[in-house]
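Chain and residue survey
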Amino acid sequence: MGLLDQIDKNKLPRHIAVIMDGNGRWAKEKGKLRVFGHQNGVLAVRDTVEGAVEAGIEFLTLYAFSTENWNRPKLEVMALMELLVATINKETKTLMDNDVRLNAIGDLSQLPDRCYKQLQEAINKTANNKRCTLTLALSYSSRWEIVEAAKKLGRQIQEGRLNPDDINDQVFSGALCTADMPDPELMIRTSGEHRISNYLLWQLAYAELYFTQKLWPDFRREDLFEAILDFQKRERRFGMTSEQIK
Ligand code: FPP
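Residues numbered from 1 in each chain as written. Predicted model: local features only at pLDDT ≥ 70, side-chain atom pairs only at ≥ 80, totals over all residues. Heavy atoms only, no water.

Quick word on the site of the ligand
Not every one of the 18 residues close to the ligand is listed here, only the nearest: Asp21, Gly24, Arg25, Arg34 and Arg72. The contact in question runs from an oxygen atom of the ligand to an N or O atom on the backbone of Gly22, over 3.3 Å. Take Gly24: an N or O atom from its main chain is 3.0 Å from an oxygen atom of the ligand. Coverage of the ligand by the protein amounts to 91% of the 620 Å² it exposes when considered alone. (Near = heavy atom within 4 Å. Polar contact = N/O pair within 3.5 Å; in protein donor to acceptor, adjacent residues only side chain to side chain. Areas by Shrake-Rupley, 256 points an atom, 1.4 Å probe, with all protein chains shown as cover.)

A word on the sheet that holds strand S5 (residues 186-189)
Reading across from one edge, S3-S4-S2-S1-S5-S6 is the order of the 6 strands in this open sheet, with parallel pairing throughout. Edge positions in the sheet fall to strand S3 (100-105) and strand S6 (208-211), since each of these pairs with one other strand and no more. Neighbour-to-neighbour, the strand axes of the sheet open up by a mean angle of 20 degrees, direction not taken into account. Direction of pairing for strand S2 (residues 59-66) relative to strand S4 (residues 132-140): parallel, over a ladder of 7 bridges. In the strand pairing of S4, Phe59 is matched with Thr133. Helix H3 (residues 34-55) contacts S2, S3 and S4 of the sheet and is inclined by roughly 160 degrees relative to S2. (Pairing = 2+ DSSP bridges. Helix = DSSP H or I, 4+ residues; strand = E, 2+ residues; numbered from the N terminus. Axes fitted to C-alpha atoms, helices over the stretch in contact; angles between N-to-C directions. Contact = heavy atoms within 4.5 Å.)

Some details on the pattern of salt bridges
As a working rule, side chains carrying opposite charge can pair if their charged atoms are close by. For the coordinates displayed, the defined rule picks out 18 salt bridges. Notably, a salt bridge pairs Arg14 with Glu58, separated by 2.9 Å at the nearest N-O pair. Taken as a pair, Arg14 in the loop between helix H1 (3-6) and strand S1 (15-19) and Glu58 in the loop between H3 and S2 lie far apart in primary sequence, 44 residues in all. With relative accessibility at 38%, the residue Arg14 sits in the partly exposed group. Taking the shortest distance from any N to any O, the salt bridge between Arg34 and Glu76 comes out at 2.8 Å. (Salt bridge = Lys/Arg side-chain N within 4 Å of Asp/Glu carboxyl O. Buried < 20%, exposed > 50% of the residue type's maximum accessible area, 1.4 Å probe, protein only.)

Quick word on the side chain of Glu91
The residue Glu91 is located in helix H4 (residues 74-97) in this model. Polar contacts involving the side chain of Glu91 include one to the side chain of Arg46, which spans 3.0 Å.

Here's the deal with the pairing of S3
Of all 6 residues that make up S3, 5 are buried, and the element is covered over most of its length. Sheet topology note: the S3/S4 ladder contains 6 bridges and is parallel. When the sheet's bridge partners are listed, Asn103 is paired in S4 with Thr135. With helix H5 (residues 113-125) bridging S3 and its parallel neighbour S4, the resulting β-α-β unit is left-handed. (Right-handed = clockwise from strand over helix to strand, strands pointing away.)

Describing the packing of aromatic side chains
According to the stated counting rule, one finds 8 aromatic pairs in the structure shown. Summarising the aromatic geometry, the rings of Tyr140 and Tyr199 are spaced 6.3 Å apart at their centres and angled 90 degrees between planes, so their arrangement reads as edge-to-face. Taken together, the residues Tyr140 in strand S4 and Tyr199 in the loop between S5 and S6 connect sequence positions 59 residues apart. The pair formed by Tyr140 and Tyr199 is uniform in burial state, with each residue classed as buried. An angle of 20 degrees between the planes, with centres 5.0 Å apart, marks the rings of Trp216 and Phe219 as stacked. Just as Trp216 is buried, Phe219 falls in that class too. In textbook terms, an aromatic cluster arises when at least three aromatic residues are bridged by ring pairs, as seen for Tyr63, Tyr140 and Tyr199. (Phe/Tyr/Trp six-rings, centres within 6.5 Å; stacked < 30°, edge-to-face > 60°.)

Describing a nonpolar patch on the surface
Taken together, the side chains of Tyr206, Phe238, Met240 and Ile245 define a hydrophobic patch exposed on the protein surface, amounting to about 400 Å² of accessible area. Take Met240: it is sitting in the loop between helix H8 (221-233) and helix H9 (242-245). Judged by its relative accessible area of 40%, Met240 falls in the partly exposed class. (Patch = residues over 30% accessible without salt bridge, like charges linked within 9 Å, V, L, I, M, F, W, Y side chains within 5 Å.)

Some words on unusual backbone geometry
We note that Asp99 has phi near 60 degrees; this positive angle belongs to a residue other than glycine. By secondary structure assignment, the location of Asp99 is in the loop between H4 and S3. Although it is not a glycine, Ser197 adopts a positive phi angle of roughly 50 degrees. Considering the arrangement of structural elements, one finds Ser197 in the loop between S5 and S6.

What follows is the structure in structure tokens.
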């Protein structure tokens, strides 16, 4: 029985978040430039998205570019932006064929114009797709997002539209970029690093964390299925006891 068939469709995580790490190391192992790793990372993105659709995952969020990534060498940043434009352009058809809606979170105003326009076009074109929502975290950091949410709520208080005592988990979640998504139940990070790296800090509060040694360009749908199967073996207690869950 293949890995996909072993997945229990009644116990699927609705939302999976991924930190795609290890492109640079993958390229270095092959004696190539870092950009070569990013280019091959695109193949892993495509296969993972298709795998998520096959498995019935409703929300897939990929960390494609962090706020901190702007500090990388200028040439690498430019190459990554070019790759994003080209990939979004080329893969919009794949998204349409798989009924996937594209979404983006992050400080998108920082993106080069061409990249922003291409992204927005693909978002509009795929807006009515229903099977899966693919969110790219771009120029994203969780602390930035949380600070922006605090500002937003602060303004609502200032304008008399919100009472500070009414702020609770739900209100705060509603002020984040992920307001219309459930929290991720599973977070996957590749390349053997065990960090969250300023990614969805609020949203990952109860997520199961899954780390694999695989470098991102080698990641394929079977690796996603393995992570889902591992998730399904875990007992999620949300602070309660094992007996209470049963
Ligand atoms: C991390 O590897 C990867 C990135 C910072 C960029 C991720 C981008 C892609 C996979 C390609 C384009 C994506 C989309 C959604 C079209 P790293 O460079 O930090 O690797 P290292 O830790 O080995 O140096």
